[in-house]
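The lines below spell out each chain.
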Amino acid sequence: MSHSSAAATWAAATEPYSVQLAAGVHAYVQPDGGWCLNNAGYVSDGRSTVMVDTAATERRARALRETVLASGAPLPRVLVNTHHHGDHTYGNWVFLPEATTVGHAACRAETLASGRQLHAIWPEVDFGTIEIAPPTLTYTDSLTLYVGEIEVRLHHPGVAHTRGDTIVWLPEQRVVYTGDLVFHGGTPFVLMGSLAGSLAAVERLRVLGAETVVPGHGPITGPEVYDAVERYLRYVGELAERGHKEGRTPLEVAVAADLGEFAALRESERLVANLHRAYAELEGLPPGAPLDVAAIFAEMAVLNGGRPVACHA
């Protein structure tokens, strides 16, 4: 599918849909890509399947399961988590015990530590039955899987969106699943990771040479999306440096900020969360050091005109 036709499909869709990107290679896309509506994917040679991420609710994870079966692919033997956030991991248990879940070592640790993380933020949402199922096979730098003749490379870019991110790269097909290192049409979110590390991860993605990019949220795109992500991250860094030097809080800086070209991005309230992470780095805290998530979500609600951040799932 061309990137222009992918954009047209996205614009017309309201329900999740599957897109074949190459022989045996699929993306599973969930409009509108907002909070809790992530993308997933699956790679199959007809005899075995590797899945990339799941979904935030039991209903959505079971819909993903049925989509894989309807395509003629077997259910996954291997499930890769790109990071620990619940929209990418809550549905893991739906694919057990048949699948072995793979992730970075920090992804496993964070999944266990975070537990029912989405329930804590959005207690009113009906997530269905959720059993926390972290990766049971972990790696630290890189790992290569094979689906028949299809090579699937897992790379850890360092602390970026989270402490335990994984890039899923198919070199022959020139397809990359970025997880939440890339939001296409949505505001990047580095609260639980690193601003500097996210910029480094964008460069790591660039050098792969992908032709098709499956972002963590938003429509399928090409490598041009990296420029937009980088511009936003640098904008956050510049705001943080000025605000920190002037002694203003992240919320004060965010309220006064002129978003310019970034005003068109969904979830603009993430700016204050990103500024908190940038301030932490300016103050010498290590990448991924825990911040007060509940307090920062409350500040995002302030920036959102007093409306709490809404889960779209």
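Residues numbered from 1 in each chain as written. Predicted model: local features only at pLDDT ≥ 70, side-chain atom pairs only at ≥ 80, totals over all residues. Heavy atoms only, no water.

This next bit is on the side chain of His104. Looking at the secondary structure, you find His104 in strand E6 (residues 100-104). A polar atom in the side chain of His104 sits 2.9 Å from the backbone nitrogen of Ala106. In this structure, His104 is in contact with Thr138, Tyr139, Thr140, His156, Arg163, Gly164, Asp165 and Thr166, ignoring residues within four places of it in sequence. (Helix = DSSP H or I, 4+ residues; strand = E, 2+ residues; numbered from the N terminus. Polar contact = N/O pair within 3.5 Å; in protein donor to acceptor, adjacent residues only side chain to side chain. Contact = heavy atoms within 4.5 Å.)

Our focus in this paragraph is the nonpolar core. By size, the foremost hydrophobic cluster in this structure holds 63 residues, and its most contacted members are Trp122, Val176 and Tyr226. Ranked by residues supplied to this core, first place goes to helix H7 (residues 225-245) with 9 residues. For Trp122, the residues in contact, after removing those within four places along its chain, are Trp35, Cys36, Phe127, Phe297, Val309, Ala310 and Cys311. By size, the runner-up hydrophobic cluster in this structure holds 26 residues, among which are Tyr17, Val102, Leu170 and Tyr177. (Core = buried A, V, L, I, M, F, W, Y, C linked by side-chain atoms within 4.5 Å. Buried < 20%, exposed > 50% of the residue type's maximum accessible area, 1.4 Å probe, protein only.)

We now examine the sheet that holds strand E5 (residues 78-80). Pairing is mixed in the open sheet, where 7 strands are placed in the order E1-E2-E3-E4-E5-E6-E7. Strands at the two margins of the open sheet, each flanked by one partner only, are strand E1 (17-22) and strand E7 (137-139). Along the sheet, successive strands turn relative to each other by an average axial angle of 20 degrees, direction set aside. With 3 bridges joining them, E6 and E7 adopt parallel strand pairing. Looking at the pairing, Val102 lines up with Leu137 of E7. Sitting on the sheet, helix H2 (residues 58-70) touches E1, strand E2 (25-29), strand E3 (40-44) and strand E4 (49-52), and the angle it makes with E2 is about 150 degrees. This element, helix H4 (residues 105-114), spans E6 and E7 of the sheet and lies at about 105 degrees to E6. (Pairing = 2+ DSSP bridges. Axes fitted to C-alpha atoms, helices over the stretch in contact; angles between N-to-C directions.)

This brings us to the packing of aromatic side chains. Tallying each qualifying case throughout the model produces 9 aromatic pairs. Taken together, a centroid distance of 5.3 Å and an interplanar angle of 80 degrees make the contact between Trp35 and Phe189 edge-to-face. Linking Trp35 in the loop between E2 and E3 with Phe189 in the loop between strand E11 (175-183) and helix H6 (195-208), this pair joins segments that are 154 residues apart in sequence. For Phe189, a relative accessible area of 6% translates into the label buried. Ring pairs connect the aromatic residues Trp35, Trp122, Phe189 and Phe297, which therefore count as one cluster. (Phe/Tyr/Trp six-rings, centres within 6.5 Å; stacked < 30°, edge-to-face > 60°.)

At a minimum axis separation of 7 Å, helix H9 (residues 270-282) and helix H10 (residues 293-303) run at an interaxial angle of 140 degrees. Comparing their axes, H10 and H9 come out oblique. In the packing of H9 onto H10, the handedness of the crossing is right-handed. Each of Arg270, Leu271, Val272, Ala273 and His276 in H9 lies in contact with H10, whose residues at this interface are Ile296, Glu299, Met300 and Leu303. Of the residues assigned to the contact of H9 with H10, the class counts are 6 nonpolar, 1 polar and 2 charged. (Parallel < 35°, antiparallel > 145°, perpendicular 65-115°, else oblique. Left-handed = near helix turned anticlockwise from the far one by under 90°. Nonpolar A, V, L, I, M, F, W, Y, C, P; charged D, E, K, R; others polar.)

This brings us to the pattern of salt bridges. Two side chains carrying opposite charge are able to pair once their charged atoms lie near each other. Taken as a whole, this structure holds 12 salt bridges when the rule is applied. One salt bridge connects Glu267 with Arg266, and the closest N-O pair in it is separated by 3.7 Å. For Glu267, a relative accessible area of 8% translates into the label buried. Residue Glu267 is joined to Arg270 by a salt bridge in which the shortest nitrogen-to-oxygen separation is 3.4 Å. Accessibility classification places Glu267 together with Arg270 in one group, the buried group. Residues joined in a network through salt bridges with shared partners are Glu203, Arg206, Asp227, Glu230 and Arg234. (Salt bridge = Lys/Arg side-chain N within 4 Å of Asp/Glu carboxyl O.)

So, about the sheet that holds strand E9 (residues 150-155). Adjacent strands of a sheet pair through backbone hydrogen bonds, lying either parallel or antiparallel. A sheet is described by the order of its strands in space; here 5 strands give the open sequence E8-E9-E10-E11-E12, paired in mixed fashion. Where the open sheet ends on each side, the last strands, each with one partner, are strand E8 (142-147) and strand E12 (212-217). Between one strand axis and the next, the sheet turns by 25 degrees as a mean value, whatever way the strands run. Direction of pairing for strand E10 (residues 167-170) relative to E11: antiparallel, over a ladder of 3 bridges. Paired with Val168 across the bridge in E11 is Tyr177.

Next up on the list: the side chain of Thr82. Tracing the chain through its elements places Thr82 in the loop between E5 and helix H3 (86-89). With a relative accessible area of 2%, Thr82 lands in the buried category. A polar contact of 2.7 Å, which involves the side chain of Thr82, links it to the side chain of Asp53. A distance of 3.0 Å separates polar atoms of two side chains, one belonging to Thr82 and the other to His83. If sequence neighbours within four positions are ignored, Thr82 has contacts with Val52, Asp53, His88, Gly164, Asp165, Thr166, Val168 and Gly179.

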